[in-house]
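Spelled out, the chains give:
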Amino acid sequence: QVQLVESGGGLVQAGGSLRLSCAASGSIFSTMGWYRQAPGKQRELVAAITRGGFTNYAPSVKGRFTISRDNAKNTVYLQMNSLKPEDTAVYYCAGDLNARATMFPDDYWGPGTQVTVSA
């Protein structure tokens with residue numbers, strides 16, 4: 001059974017940091033990524049990373065967030081620094097089993113983890 005499980009969400013003050021983890025099981029993933037969805041807004045891609053380490057970031061998080069992965073552990077991480085209240089959202093991990101030309105993984109999804117940034 002293919003599964004993605006996120007962890008590491010929580011409440012943090014503005015300017016603080018959080019590290020999200022997503023453990024994959026049941027298959028080896030190609031591109032993996034993080035999305036977020038704030039109340040009343042559409043889900044948006046935050047960052048994605050290929051199995052070889054090529055990355056893509058949303059302009060709003062570039063320079064503050066870093067995506068990385070440990071292929072041996074089948075795990076992807078999102079280090080979030082200099083957090084802002086507008087980063088508050090449910091963060092979802094997603095992964096593709098096969099490589100695609102675009103870096104918007106969506107074959108499988110985790111249940112999500114809440115990140116709340118207080119002012």
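Residues numbered from 1 in each chain as written. Predicted model: local features only at pLDDT ≥ 70, side-chain atom pairs only at ≥ 80, totals over all residues. Heavy atoms only, no water.

**Considerations on the packing of aromatic side chains**
- A full pass over the atoms with the stated rule returns two aromatic pairs.
- Seen from their ring centres, Phe29 and Tyr108 are 6.0 Å apart, and the 85° between their planes marks the pair as edge-to-face. Of this pair, Phe29 sits in the loop between strand 3 (18–25) and strand 4 (32–37) while Tyr108 sits in strand 10 (residues 108–109); the two residues are 79 residues apart in sequence, bridging distant segments of the chain.
- On the basis of relative accessibility, which here comes to 0%, the residue Phe29 falls in the buried class.
- We classify Tyr108 as partly exposed; its relative accessible area is 32%.
- A centroid spacing of 4.7 Å and a plane angle of 50° characterise the contact between Tyr35 and Trp109, whose relative ring orientation is tilted. (Phe/Tyr/Trp six-rings, centres within 6.5 Å; stacked < 30°, edge-to-face > 60°. Helix = DSSP H or I, 4+ residues; strand = E, 2+ residues; numbered from the N terminus. Buried < 20%, exposed > 50% of the residue type's maximum accessible area, 1.4 Å probe, protein only.)

**With respect to the sheet that holds strand 3**
- The strand order across the open sheet built from four strands is 1-3-8-7, with neighbouring strands paired in antiparallel fashion. Of all the strands in the sheet, the pair left with one neighbour each is strand 1 (3–7) and strand 7 (65–70). With strand direction ignored, the average angle separating the axes of adjacent strands in the sheet is 15°.
- Pairing of strand 7 with strand 8 (residues 75–80) involves six bridges; the strand directions are antiparallel. Bridging across to strand 8, Thr66 finds its partner in Gln79. (Pairing = 2+ DSSP bridges. Axes fitted to C-alpha atoms, helices over the stretch in contact; angles between N-to-C directions.)

**Focus: the environment of Val76**
- By the secondary structure assignment, Val76 is in strand 8.
- Between the C-alpha atoms of Val76 and Ser60, which are 16 residues apart in sequence, the distance is 20 Å.
- In this structure Val76 touches Leu20, Ser21, Cys22, Met32, Trp34, Ile49, Ile67, Ser68, Arg69 and Cys93, once residues within four positions along its chain are discounted. (Contact = heavy atoms within 4.5 Å.)

**A word on the environment of Pro39**
- Within the secondary structure, Pro39 sits in the loop between strand 4 and strand 5 (44–49).
- Judged by its relative accessible area of 76%, Pro39 falls in the exposed class.
- Each C-alpha atom, one on Pro39 and one on Val90, is 8.6 Å from the other, the two residues being 51 residues apart in sequence.

**Section: the nonpolar core**
- In terms of nonpolar packing, the biggest core is built from 27 residues, with Trp34, Leu78, Met80 and Tyr91 touching the most fellow members.
- Counting only elements with at least two residues in this core, the list comes to strand 3, strand 4, strand 5, strand 7, strand 8, strand 9 (89–95) and strand 11 (113–118).
- In terms of residue count, the dominant contributor to this core is strand 3 (four residues). (Core = buried A, V, L, I, M, F, W, Y, C linked by side-chain atoms within 4.5 Å.)

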